[in-house]
Amino acid sequence: MTDIQQTVYVVEDDEAVRDSLELLLKSDGKPVKPYESANAFLKDYSDKMAGCIVLDIRMPGMDGMELQKKLNDKHSILPIIFVTGHGDVPMAVDAMKEGAVDFIQKPYREEALLEKIEAALEQDLEQRKSLDEKQEIIRRVKSLTPREREIMDRMIAGQANKVIAIELEISQRTVEIHRSRVMHKMGTHSLAHLVRMVLSVKDLID
Amino acid sequence: MTETVSENSEVTVLLVDDNPQNLKVLYETLKDKGYRLLIANEGEKALDLAHRHHPEVILLDIMMPEMDGYEVCERLKADPQTADCAVVFLSALDDLQAKVKGFSLGGADYISKPFQSQEVIVRVKTHAQVIRLERELQARNRELQSDQTRILNSISEGIYGLDEHGVIEFANPAAAMIMGCPVEDLIGQNFFERHFSTAAESEDNLPVMATCRQGVAENQRNIRMLRSDGSGFPGEYRSTPKLDNEELHGAVVVFRDITTELENEQALEDARTMVQEQRDQLAHTSRLSTMGEMAAGFAHEVNQPLTAITNYARVAKRMMGKEQPDLVLLQETLDKIEAQSHRASEIIRRIRRFMKKPATGKEVLAVPGLLDDTRQFAEVDMRNNEGGIEVQVEEALPEVLADPIQVQQVALNLIRNALEATRSAGVSASVEVSARQCGDKCVRIQVRDHGVGVSEEDEEKLFHPFHTTKDDGMGIGLATCRSLIQAQGGEIGYERPEGEGACFWFTLPIAGAQGPSCAPEC
């Protein structure tokens with residue numbers, strides 16, 4: 001797993017709010033990248049981005065909710081903190097249903113905002129870490145030969161070596177050799193761990 | 001001589017002679033000529049017949065026993081009932097003396113005896129006609145006079161005829177009724193002393209004085225006049241000089257008591273004020289309701305600078321926490337705080353101005369500034385109208401005379417409707433607001449959108465109160481707009497634009513322009 005630089009992406013149409021937020025976050029030592037519109041951010045977006053988005057819900061042109069939908073379509077995992085106004089709570093609720101991590105109402109206290117940003121960055125980190133782990137598991141699963149894969153599936157299903165040998169019409173000894181190769185390639189010594197690993201990526205490998 | 005029998009039939013001729021032979025001849029001569037003939041053979045009898053029958057012509061013998069023709073004539077002329085008949089003397093006395101005496105007693109003509117029948121016929125005819133014409137003329141005169149009297153009596157305005165000193169020579173019954181006394185009490189009185197409490201102090205500047213003295217016509221309203229009992233009333237009068245061959249003979253004054261009229265006017269004025277107040281009230285309520293609808297937008301608008309201020313303040317604090325603060329950067333940040341607080345107060349100022357009650361009254365206004373202000377206002381609760389609002393104002397547009405808040409209210413209402421229609425249609429075309437001069441008296445402001453438009457059915461009822469196409473609308477927006485624009489002396493309307501959308505317009509009078517403001521086709 002590589003160490004990715006986390007950035008706070010500020011998407012805010014109001015110049016003063018954007019500028020002040022940028023200064024504030026920078027003074028707190030966070031890398032910040034400001035965007036003046038949802039469109040500008042969308043143009044710049046790549047799945048290499050890490051960190052979180054501080055997104056104004058109310059903007060001329062494309063608003064925050066729309067940007068969230070477009071990012072969801074792109075399978076973005078960047079956590080979004082919506083910045084809302086006084087009357088926007090129903091919108092914020094919708095945004096939460098769409099997967100936003102949090103929202104904060106303007107005008108906000110710095111501590112509250114920073115706290116939410118910290119939490120979002122943490123979540124991003126974890127998501128990214130688990131994503132990396134999953135990708136590693138998938139890579140390992142893909143390195144198995146078809147016979148090894150078959151044997152692993154039966155192991156996970158709880159079949160004993162004897163049963164596997166009879167059903168596949170091979171010797172019990174051969175099953176044992178495959179089994180140890182599977183454990184080696186998957187990088188584990190415990191069947192329970194193997195089961196957990198494979199189940200966590202089940203959706204992705206089937 | 002057979003003509004005009006019917007005409008003659010109304011004519012009565014009295015023949016007077018003491019000689020039966022003469023009477024017979026006269027009778028024979030005049031019978032069948034269509035006259036009613038009466039006969040008398042002595043003076044007393046003649047007077048009696050004349051008194052009873054009012055003959056037009058009397059053929060009167062001079063030489064009669066008892067009472068001669070002269071005396072009969074004298075007595076006829078003395079009686080008003082018979083004074084107007086034509087007396088034609090008959091006498092053998094063919095001397096000048098007798099004729100002169102006859103004429104001096106009022107005789108109309110003279111026929112010498114022995115008479116020629118032709119002469120008698122012609123003279124009787126002539127005099128009969130003269131008398132008839134005279135009587136007709138008199139009857140016509142009497143009729144005219146009574147007509148005039150009737151008119152003067154039936155006029156409800158008081159009429160005075162004054163001499164050049166202001167003495168009342170004539171007063172009609174209405175004048176007496178207004179003044180509260182009989183006509184007779186007014187005649188001979190001095191108009192000025194009688195009707196104006198200040199007459200004793202100074203005669204100058206009194207109403208009607210200039211008409212009496214200089215022959216200048218006057219017309220004044222709400223002048224305090226006094227009745228006979230000394231009570232006062234507000235009056236209106238017109239006075240015209242009485243001229244005879246350019247010579248001033250006083251004045252004719254036509255006047256009336258306008259107490260009720262003034263009361264009615266006051267009542268009308270009160271009603272008008274009340275309507276005005278209610279319109280202002282309604283307009284204010286409508287502004288408040290607009291503000292209510294826009295509250296979220298305004299909260300956002302005010303929160304932006306507040307948020308920025310909070311952020312900047314934190315940044316500044318952090319800078320100061322450092323061992324060697326960057327003073328230049330700190331200064332910059334404080335400047336930014338200041339700018340943002342101005343921005344917030346500007347927004348609040350704008351809201352407060354719009355909510356002010358009542359409206360401020362008419363001012364000379366520059367349309368571009370007003371429209372730009374309104375655009376910023378409307379943008380507050382604009383969301384996904386990517387096109388936004390475009391304002392286009394013709395160059396050198398003259399200033400208008402109008403109430404800025406009410407005009408802004410109308411413009412805001414139209415623009416917000418346009419934005420909503422655009423949003424409903426899901427298009428991104430901008431709302432076009434334009435202003436241009438129209439004729440030399442007004443400026444026309446137009447709001448055009450490319451939204452859902454107005455159905456033909458709704459078009460007619462657009463400005464009707466309580467007509468609405470919005471689910472949550474009350475239907476007072478456009479009706480209020482119309483009353484507001486009409487109060488400015490302008491017009492408001494809708495026209496179907498080419499292509500999609502709707503187009504509303506209103507006009508405002510150019511400052512300094514006179515007369516009715518705008519032609520509707522502008």
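Worth saying up front: this structure is predicted, and the values here are computed from it rather than measured. (Residues numbered from 1 in each chain as written. Chains lettered and ligands numbered in written order. Predicted model: local features only at pLDDT ≥ 70, side-chain atom pairs only at ≥ 80, totals over all residues.)

1. Side note on the overall build of chain A
Looking only at helices and strands, chain A features 10 helices and 5 strands. In chain A, of all internal contacts separated by at least 6 residues, the share reaching a separation of at least 24 is 63%. (Helix = DSSP H or I, 4+ residues; strand = E, 2+ residues; numbered from the N terminus. Contact = placed C-beta atoms within 7 Å.)

2. Side note on the overall build of chain B
Across its full length, chain B carries 17 helices and 17 strands. Burial status across chain B gives 32% buried among its 522 residues. Pairs at least 24 residues apart make up 62% of the contacts formed inside chain B by residues separated by at least 6 positions. (Buried ≥ 20, exposed ≤ 12 C-beta atoms within 10 Å, placed from the backbone.)

3. A look at the packing of helix 2 (residues 20-30) of chain B against helix 6 (residues 117-154) of chain B
Each packed pair of helices is defined by two parameters, the angle between the axes and the distance between the axes. All names here are of chain B. Where helix 2 contacts helix 6, the axes come no closer than 10 Å and their chain directions differ by 65°. Helix 6 is crossed by helix 2, and the crossing has right-handed handedness. Here L26, T29 and L30 of helix 2 come into contact with helix 6, specifically with S117, V120, I121 and V124. Taken together, the residues of the contact of helix 2 with helix 6 sort by class into 5 nonpolar, 2 polar and no charged. (Axes fitted to C-alpha atoms, helices over the stretch in contact; angles between N-to-C directions. Left-handed = near helix turned anticlockwise from the far one by under 90°. Nonpolar A, V, L, I, M, F, W, Y, C, P; charged D, E, K, R; others polar.)

4. Remarks on the interface of chain A and chain B
Taken together, the contacts link 18 residues of chain A with 21 residues of chain B. Top contributing element to the side of chain A that touches chain B by residue count: helix 1 (residues 15-27) of chain A, with 7 residues. By residue class, the composition of the side of chain A that touches chain B is 7 nonpolar, 6 polar and 5 charged.

5. What to know about the pairing of strand 16 (residues 492-495) of chain B
Residue and element names in this part refer to chain B. Pairing analysis gives 4 bridges linking strand 16 to strand 17 (residues 502-509), with the strands arranged antiparallel. When the sheet's bridge partners are listed, Y494 is paired in strand 17 with F504. As consecutive antiparallel partners, strand 16 and strand 17 are separated by 6 residues, and within that stretch G499 has a phi angle of approximately 85°, a positive value. (Pairing = 2+ DSSP bridges.)

6. Observations regarding the sheet that holds strand 6 (residues 158-162) of chain B
All names here are of chain B. Strand order across the open sheet formed by 5 strands is 7-6-10-9-8, with antiparallel pairing between neighbours. Because the sheet does not close on itself, it has two edges, and the strands there are strand 7 (168-171) and strand 8 (218-226). Strand after strand, the sheet turns through a mean of 30° between neighbouring axes, direction not considered. Here strand 8 pairs with strand 9 (residues 232-244) via 7 bridges, running antiparallel. Looking at strand 9, one finds that M225 is bridged to F233.

7. What to know about unusual backbone geometry
All names here are of chain B. Cis geometry marks the peptide bond from K113 to P114; its omega dihedral reads -5°. For P114, the position within the fold is in the loop between strand 5 (109-112) and helix 6. One non-glycine residue, E246, lies in the positive phi region at around 70°. Within the fold, E246 resides in the loop between strand 9 and strand 10 (247-257). For E246, a count of 6 C-beta atoms within 10 Å gives the class exposed.

8. Digging into helix 1 of chain A
The first and last C-alpha atoms of helix 1 of chain A sit 18 Å apart over 13 residues, in line with the 18 Å expected at 1.5 Å per residue. On the buried face of helix 1 of chain A, the contacting elements are strand 1 (7-11), strand 2 (32-35), strand 3 (51-56) and helix 5 (110-143) of chain A together with helix 12 (295-321) and helix 13 (327-355) of chain B. With its phi angle positive at about 85°, G29(A) sits one or two positions after the end of helix 1 of chain A. (Expected span 1.5 Å × (residues − 1).)

9. Some points on the confidence of the model for chain B
All names here are of chain B. Looking at chain B, the pLDDT average stands at 85 and 92% of residues meet or exceed 70. With pLDDT under 50 throughout, residues 1-8 is counted as low confidence; its partners more than four residues away or in other chains account for 7 contacts. Both scores are given for the predicted complex: the pTM is 0.56, the ipTM 0.72. (pLDDT = per-residue confidence, 0-100.)

10. So, the packing of helix 12 of chain B against helix 13 of chain B
Residues and elements named next belong to chain B. Across the interface, helix 12 lies against helix 13 with an axial gap of 9 Å and an inter-helix angle of 160°. One way to sum up the angle between helix 12 and helix 13 is to call them roughly antiparallel. Here helix 12 and helix 13 pass one another in a crossing that is left-handed. (Parallel < 35°, antiparallel > 145°, perpendicular 65-115°, else oblique.)

11. Re helix 4 (residues 69-78) of chain B
Residues and elements named next belong to chain B. Of all the positions in helix 4, only G69, Y70, V72, C73 and L76 are classed as buried. End-on view of helix 4: buried residues confined to an arc of 160°, all on one side of the axis. Summarising the contacts, the buried residues of helix 4 are in contact with strand 1 (12-16), helix 3 (43-53), strand 3 (57-61), strand 4 (86-91) and helix 5 (96-104). (Arc of directions from axis to C-beta.)

12. Regarding the nonpolar core
Counting residues in hydrophobic clusters, the biggest one holds 41 residues, and the most contacted among them are V11(A), C52(A), I53(A), V54(A), L55(A), I81(A) and F82(A). For this core, the leading source of residues is helix 1 of chain A, giving 6 residues. L55(A) has contacts with V11(A), G64(A), L67(A), I80(A), I81(A), F82(A) and V83(A), leaving out every residue within four places of it along the chain. V367(B), V410(B), L414(B) and I445(B) belong to the second largest nonpolar core, which has 38 residues in total. (Core = buried A, V, L, I, M, F, W, Y, C linked by C-beta atoms within 7 Å.)

13. Comments concerning the environment of V410(B)
Residue and element names in this part refer to chain B. Topologically, V410 is positioned in helix 15 (residues 404-425). With 29 C-beta atoms packed within 10 Å, V410 lands in the buried category. C-alpha of V410 to C-alpha of A283: the two residues are 127 residues apart in sequence and 9.7 Å apart in space. Not counting residues up to four positions away in its chain, the partners in contact with V410 are C481, L484, I485 and F506.

14. Remarks on the environment of L114(A)
With respect to the helices, strands and loops of the structure, L114(A) is situated in helix 5. Along the backbone, L114(A) and L25(A) are 89 residues apart, and their C-alpha atoms lie at a distance of 8.1 Å.

15. Some points on the sheet that holds strand 2 of chain A
Residues and elements named next belong to chain A. Taken together, 5 strands build an open sheet; the order of strands is 2-1-3-4-5 and the sheet is parallel. Two strands in the sheet have a free side with no partner beyond their single neighbour: strand 2 and strand 5 (102-105). On average, adjacent strands in this sheet sit at an angle of 20° to one another, irrespective of strand direction. Where strand 1 and strand 3 come together, 5 bridges link them in parallel fashion. Within the sheet, the bridge partner assigned to T7 lies in strand 3 and is G51. Packed on one face of the sheet, helix 3 (residues 64-73) meets strand 1, strand 3 and strand 4 (80-84) and runs near 145° to strand 3. Contacting strand 4 and strand 5, helix 4 (residues 89-97) runs over the sheet at an angle of about 170° to strand 4.

16. Things to note about the environment of T188(A)
Residue and element names in this part refer to chain A. Mapped onto the elements of the fold, T188 is located in the loop between helix 8 (172-185) and helix 9 (191-200). For T188, a count of 16 C-beta atoms within 10 Å corresponds to the partly exposed category. Not counting the four nearest positions on each side in its chain, T188 is found in contact with M183, H193 and L194.

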